[in-house]
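What the coordinates show
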Amino acid sequence: MKNIERLHNIFLQSTGICTDTRKLKEGNLFIALKGDNFDGNKYVDFAIKNNAIHAVTDNDKSKDTNHITIVKDGLKTLQDLACYHRKFLNIPIVAITGSNGKTTTKELIREVLNQKYRTTSTIGNLNNHIGVPLTLLSMNNKTEIGIVEMGANHQGEIKMLCQIAKPDYGYITNFGKAHLEGFGGIEGVIKGKSELYNYLIENNKRIFINYDDELQINKTKQADVISFSEGNDATYQITFLKASPYIQIATKDININSQLIGTYNAKNIASAICIGLYFKVNPKSIKKAIEKYQPNNNRSQIINKNTNQIILDAYNANPTSMQAALENIKTIEASNKTVILGDMFEVGSTSKEEHQNIVNLLEKLSFKNMYICGNHFYECSTNTVKKFKEFSQLSEYIDQHKIENNTILIKGSRGMALERILDHL
């Protein structure tokens, strides 16, 4: 603990944490991490020579004891330092996890809370065993509320992240078919994500929940909850009005016209409203925050290109989010619709079944043009959906068969990088 206390004093004098010397800034505290394909210990001397205030390494060969601290484990030191800093700041921490919508929900909550508080949140989706500590260490004495996104693909990871961040509040967006391979099926997903609930209940902390989700209600019967619902008896009543294509939602006699599409995003907006109201943000300020928020990074973006309206949702995909996206585009009023889907990764042993389920749903919904791409989708049986094994085959086909005057959904896992198809539309 004395070592961490000393490092924390150095950290407070620094210009921030650096774990990658390519991004090193003068005065940074450099912490060397290592993985299967990299070893930050090789760059400790480089960091010091390039004006890092101090460096942490688990390589005991270093002799510069004035500017370098030798530890047993660089990653564990980063995590311990982040936990120490979190206690030092002693501010409310809101933790967000779930199978779908974590990042969008986190950004909405940040925009809402920023109307009243100085809020620091996870940057992008840096939500793992390294990203969570870096998020905590990005907070300072000006931060009034912290928002920490927690990601996981195995059981035990959320529990570990809670031990580092020690959240006072938590919200789980949903339990869906994401990272099935690592979690060992949907029951494993529910158990793994519920580790956030377990921590909050065990430590007498508070949980935000969607009261329209029976599973979440059952998981929080012993908890101190703040709830939102469209119909059930909840702390806050939040009503979904419509999505055509943008979501409209209402609360406390205020109608909110968002720039988000998809009925699946309605609950993400509702959770941000709930948390904002709990923290006493003025309803008019909540409306302002949500209405100005625009999605980016290939997450439910609407792009108008040539004669087409494109729904770009190519950041990631799993069976739950894929089904929701397809059901959503079916409800959009448009005469011609095209769907372009890419493989879903990390689905595990049920991959063949889950991809076939999506193809079956596609056939049932019957859009004007239906294209699927990737090794998994290519193995599916279909009579009406056009399939391509390689992206190059898909792009070449679209080059030769121009799509015009269509509403187009593009969705696939990150590894498919389906946003590349924009150049061919």
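Residues numbered from 1 in each chain as written. Predicted model: local features only at pLDDT ≥ 70, side-chain atom pairs only at ≥ 80, totals over all residues. Heavy atoms only, no water.

1. As for the overall build of the chain
On a plain count of helices and strands, the chain comes out with 16 helices and 20 strands. Here the C-alpha radius of gyration of the chain, 23 Å, is about what a compact globule of 425 residues would show, namely 22 Å. Relative to its full complement of 425 residues, the chain shows a buried share of 54%. For the chain, the share of sequence-separated contacts (at least 6 apart) that also reach a separation of at least 24 residues comes to 62%. Of the accessible surface of the chain, which amounts to about 19800 Å², a share of 43% is contributed by carbon and sulfur atoms. For the chain, the distance from the average position of its 51 positive side-chain charges to the average position of its 44 negative side-chain charges is 4 Å. (Helix = DSSP H or I, 4+ residues; strand = E, 2+ residues; numbered from the N terminus. Rg over C-alpha atoms; globule rule 2.2 N^0.38 Å. Buried < 20%, exposed > 50% of the residue type's maximum accessible area, 1.4 Å probe, protein only. Contact = heavy atoms within 4.5 Å. Areas by Shrake-Rupley, 256 points an atom, 1.4 Å probe, with all protein chains shown as cover. Lys, Arg positive; Asp, Glu negative; His and termini not counted. Charge placed at Lys NZ, Arg CZ, Asp CG, Glu CD.)

2. Some words on the pairing of strand 12 (residues 239-243)
Sheet analysis places strand 12 next to strand 13 (residues 246-251), joined by four bridges and oriented antiparallel. Along strand 13, the bridge assignment pairs A243 with I247. Where strand 12 hands over to strand 13, the hairpin turn is made up of two residues, counted between the paired strands. (Pairing = 2+ DSSP bridges.)

3. Some remarks on the sheet that holds strand 16 (residues 308-313)
The strand order across the open sheet formed by six strands is 15-16-20-17-18-19, and the pairing between neighbours is mixed. Since the sheet does not close on itself, it has two edges, and those belong to strand 15 (301-305) and strand 19 (386-388), each with one partner. Strand-to-strand twist in this sheet, taken as the mean axis angle between neighbours without regard to direction, amounts to 20°. One ladder, built from five bridges, connects strand 16 with strand 20 (residues 407-411); its direction is parallel. Bridge pairing in strand 20 links I310 to I408. Packed onto the sheet, helix 16 (residues 391-400) meets strand 17 (337-342), strand 18 (369-373) and strand 19 and runs at close to 155° relative to strand 18. (Axes fitted to C-alpha atoms, helices over the stretch in contact; angles between N-to-C directions.)

4. Let's talk about the nonpolar core
The biggest cluster of nonpolar side chains holds 38 residues, and the ones touching the most others in it are L136 and M150. Put simply, the parts of the chain that give this core at least two residues each are helix 1 (2-13), strand 2 (29-31), helix 3 (74-89), strand 5 (93-97), helix 5 (131-137), helix 6 (157-165), helix 9 (195-202) and strand 9 (206-210). The biggest single contributor to this core is helix 6, with five residues. If sequence neighbours within four positions are ignored, L136 has contacts with A82, H85, R86, I93, V148, I164 and A165. F228, I238, I247 and I290 belong to the second largest nonpolar core, which has 37 residues in total. (Core = buried A, V, L, I, M, F, W, Y, C linked by side-chain atoms within 4.5 Å.)

5. So, the sheet that holds strand 14 (residues 254-261)
Read from one edge of the open sheet, three strands run 12-13-14, paired in antiparallel fashion. At either end of the open sheet lies a strand with only one pairing partner, and these are strand 12 and strand 14. Taking each pair of neighbouring strands and ignoring which way they run, the sheet shows an average axis angle of 25°. Direction of pairing for strand 13 relative to strand 14: antiparallel, over a ladder of five bridges. Residue Q248 lies in a different strand from strand 14, and its bridge partner there is N257.

6. What about the domain arrangement of the chain?
As far as domains go, the chain holds domain 1 (1-78), domain 2 (91-292) and domain 3 (301-424). Look at where the C-alpha atoms of domain 1 and domain 2 centre, and you get two points 33 Å apart. The interface of domain 1 with domain 2 comprises six residues on the first partner and five residues on the second. Across the domain 1/domain 2 interface, buried area totals approximately 510 Å², and carbon plus sulfur atoms make up 87% of it. For the domain 1 face of the interface with domain 2, the top three residues by lost area are F11, L75 and L78, together amounting to 66%. Taken together, the links from domain 1 to domain 2 amount to zero salt bridges. Counting across the domain 1 and domain 2 interface gives zero residue pairs in polar contact (both at pLDDT 80 or more). Partitioning the side of domain 1 that touches domain 2 into residue classes produces five nonpolar, one polar and no charged. (Domains from an automatic or database assignment. Buried area = accessible area lost by both parts, 1.4 Å probe. Salt bridge = Lys/Arg side-chain N within 4 Å of Asp/Glu carboxyl O. Polar contact = N/O pair within 3.5 Å; in protein donor to acceptor, adjacent residues only side chain to side chain. Nonpolar A, V, L, I, M, F, W, Y, C, P; charged D, E, K, R; others polar.)

7. Overview of helix 11 (residues 266-278)
Compared with the 18 Å implied by 1.5 Å per residue over 13 residues, the 18 Å span of helix 11 between its first and last C-alpha is a close match. Where burial is concerned, most of helix 11 is hidden: twelve out of the 13 residues are buried. Three or more residues of helix 11 are buried, namely A266, N268, I269, A270, S271, A272, I273, C274, I275, G276, L277 and Y278. Looking one or two residues beyond helix 11, the residue adopting positive phi is K280, at roughly 65°. (Expected span 1.5 Å × (residues − 1).)

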